[in-house]
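For reference, the chains in residue letters:
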Amino acid sequence: MSQFTFLQSEFAPIFALSRKAEISALSDPRNACFHARLALESSIKWMYENDRSLRSPYDTALSALIHEGTFRTLVGNALVTKAQIIKDYGNKAVHDARGVPAQSAIISVRELFHFTYWFVRTYARGAKPDAALTFNPDALPRAVQVEATTFAK
């Protein structure tokens, strides 16, 4: 079961991206960081399209959206920092040829959980996630190794 289930009913596209990040956090950290960044960007773009209190910056790059004054005021410095971490790890995953450490993926997925939890608690019209809900890194799916002979069968 996904730790991002709270997104599924009202924000299915963001849930799908978050789930991809969650599933690959331990087995494919580069993929996890990429999908966490994409989920974040989708969430923030949704906010700019649907929240009239946000003023769109001239530059629509993710960094500009995160650092725009009305966004920062709305979400607060802690979530801006979380968004920056997700963005930075996602950018490194895409542009850096070196391997991506599993710890970077775990951090990205954790910060995405915190951001999307706030997002759903703020914007969902239906049921809100439980206030006691927390991210559990031990609940991330483990890679299943299949022996070559089993795979061949």
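Residues numbered from 1 in each chain as written. Predicted model: local features only at pLDDT ≥ 70, side-chain atom pairs only at ≥ 80, totals over all residues. Heavy atoms only, no water.

Draft legend 1. Spotlight on the side chain of Q3. Residue position: Q3 is located in the segment before α1 (5–8). For Q3, a relative accessible area of 11% gives the class buried. In this structure the side chain of Q3 is engaged in a polar contact, spanning 2.6 Å, whose partner is the backbone nitrogen of N136. Excluding anything up to four places from it in sequence, Q3 contacts E22, F113, T134, F135, N136, A139 and L140. (Helix = DSSP H or I, 4+ residues; strand = E, 2+ residues; numbered from the N terminus. Buried < 20%, exposed > 50% of the residue type's maximum accessible area, 1.4 Å probe, protein only. Polar contact = N/O pair within 3.5 Å; in protein donor to acceptor, adjacent residues only side chain to side chain. Contact = heavy atoms within 4.5 Å.)

Draft legend 2. Seen up close, a nonpolar patch on the surface. Among the surface-exposed residues, F34, L38 and V94 lie close enough to one another that they form a single nonpolar patch of about 230 Å² accessible area. Considering the arrangement of structural elements, one finds L38 in helix α3 (residues 29–50). (Patch = residues over 30% accessible without salt bridge, like charges linked within 9 Å, V, L, I, M, F, W, Y side chains within 5 Å. Areas by Shrake-Rupley, 256 points an atom, 1.4 Å probe, with all protein chains shown as cover. Salt bridge = Lys/Arg side-chain N within 4 Å of Asp/Glu carboxyl O.)

Draft legend 3. Broad picture of the packing of α3 against helix α6 (residues 77–95). Direction vectors running N to C along α3 and α6 enclose 135°, while the axes themselves pass 8 Å from each other. Classified by the angle between their axes, α3 and α6 sit oblique to one another. In terms of crossing hand, the pair formed by α3 and α6 is left-handed. The residues of α6 that touch α3, namely those facing R30, C33, F34, A36, R37 and L40, are A83, I86, K87, Y89, G90, N91, K92, A93 and V94. Among the residues making up the contact of α3 with α6, the classes are represented as nine nonpolar, two polar and four charged. (Axes fitted to C-alpha atoms, helices over the stretch in contact; angles between N-to-C directions. Parallel < 35°, antiparallel > 145°, perpendicular 65-115°, else oblique. Left-handed = near helix turned anticlockwise from the far one by under 90°. Nonpolar A, V, L, I, M, F, W, Y, C, P; charged D, E, K, R; others polar.)

Draft legend 4. Examining the packing of α3 against helix α7 (residues 102–123) more closely. At a minimum axis separation of 9 Å, α3 and α7 run at an interaxial angle of 20°. One way to sum up the angle between α3 and α7 is to call them roughly parallel. Between α3 and α7 lies a crossing of left-handed hand. Contacts between α3 and α7 pair P29, A32, C33, A36, A39, L40, S43, I44, W46 and M47 from the former with A102, S104, A105, S108, L112, F115, T116, W118, F119 and Y123 from the latter.

Draft legend 5. Focus on the pattern of salt bridges. Applying the stated criterion across every chain, the model contains eight salt bridges. In this structure, the salt-bridge partner of E68 is R55, at a minimum N-O distance of 3.6 Å. With E68 in the loop between α4 (62–67) and α5 (69–75) and R55 in the loop between α3 and α4, this pair connects stretches of sequence that are 13 residues apart. Among the ionic pairs, R98 bridges to D96, the shortest N-O distance being 2.8 Å. With a relative accessible area of 63%, R98 lands in the exposed category. For D96, a relative accessible area of 24% translates into the label partly exposed. Overlapping salt bridges bring together R37, E41 and K45 as one network.

Draft legend 6. View of α7. Between the first and last C-alpha of α7 there are 31 Å, a value that for 22 residues agrees with the 32 Å anticipated at 1.5 Å per step. Across the 22 residues that make up α7, a large majority, 16, are buried. (Expected span 1.5 Å × (residues − 1).)

Draft legend 7. The nonpolar core, seen in detail. By size, the foremost hydrophobic cluster in this structure holds 43 residues, and its most contacted members are L7, L40, I44, M47, F71 and F119. Within the residue set of this core, elements represented by two or more residues are α1, α2 (12–24), α3, α4, α5, α6 and α7. Each residue touching M47, except ones within four places of it in the same chain, is listed here: L54, F71, L74, V75, F115, W118, F119 and Y123. (Core = buried A, V, L, I, M, F, W, Y, C linked by side-chain atoms within 4.5 Å.)

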